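Fold and geometry: a report
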Amino acid sequence: YHFLIDSLTRFYWVKEQYPDVVASNSTYFHVGLVNEVGQAWARLWGIDTWTDSNRLLDGWWTAKKFYVPPSNGCANLRKGADPLALRSFQDSIQARLPLVFKAAPRHVKSVLMVRRDMNVSRARAVTNWEALAGVVSKVLPDWNIETFSDTPPLPSVPEVCAMFSRASIIIGVHGAGF
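Heads up: these notes are all about the structure in this document.

About the cut-offs
Residues numbered from 1 in each chain as written. Predicted model: local features only at pLDDT ≥ 70, side-chain atom pairs only at ≥ 80, totals over all residues. Heavy atoms only, no water. Pairing = 2+ DSSP bridges. Helix = DSSP H or I, 4+ residues; strand = E, 2+ residues; numbered from the N terminus. Axes fitted to C-alpha atoms, helices over the stretch in contact; angles between N-to-C directions. Contact = heavy atoms within 4.5 Å. 1 Å grid on protein atoms, 1.4 Å probe; cavity = no way out; pocket = protein on both sides within 12 Å on 5 of 7 lines; lining within 4 Å. Points joined across faces, edges and corners; volume = space filled by probe spheres on them. Nonpolar A, V, L, I, M, F, W, Y, C, P; charged D, E, K, R; others polar.

Attention now moves to the sheet that holds strand S5 (residues 169-171). What the three strands build is an open sheet, ordered S4-S3-S5; its pairing is parallel. Edge strands, defined here as strands with exactly one partner in the open sheet, are strand S4 (144-149) and S5. The mean angle between the axes of side-by-side strands here comes to 20°, regardless of whether they run parallel or antiparallel. In terms of strand pairing, strand S3 (residues 110-115) meets S4 through six bridges, oriented parallel. Bridging across to S4, Met113 finds its partner in Thr147. Seen against the sheet, helix H6 (residues 129-139) touches S3, S4 and S5 and runs at an angle of roughly 175° to S3.

What follows is about the layout of surface pockets. Its volume calculated, the second largest pocket comes out at about 760 Å³. Taken together, 25 residues make up the lining of the second largest pocket; nearest its centre are Tyr28, Phe29, His30, Phe66 and Tyr67. The leading source of residues in the lining of the second largest pocket is helix H1 (residues 2-17), at five residues. Its residues assigned to classes, the lining of the second largest pocket comprises 14 nonpolar, eight polar and three charged.

What follows is the structure, encoded as structure tokens:
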């Protein structure tokens, strides 16, 4: 959540205000996730991370010049992320992954259940997972049920986008990456 919503949606502002800076391969972005997963999400935003060096930074760094986009507290004081930033993010992903967002057949209803590893975050995990999955199966017998889990191996970023795009209902614990 924090990487996608707090870090990458701020990119919307920078992209709107300073498009030449964003386009430059000498520009780096301070975000909270710099591994391949973070780079894959950044590429969906239009940040070229295929260059010889990773353009995502975390931790301490120095710069000759830096831009500080408007910020917000966690969940924007309970109002959620900036709607324009979210729309821009969705449009960018749809443009780069058009096949992912093709509508599922109308007769196929899908539930996506988000399963967090209790060893990673007990406060963000469903402790009676099997019972919950059983109830969902019983209540929605004709529905396709998918599980997104943070237990490795993680699905690729395009597959994560496809899973959430297919879902008619998403079930998970508050703060579990929503």
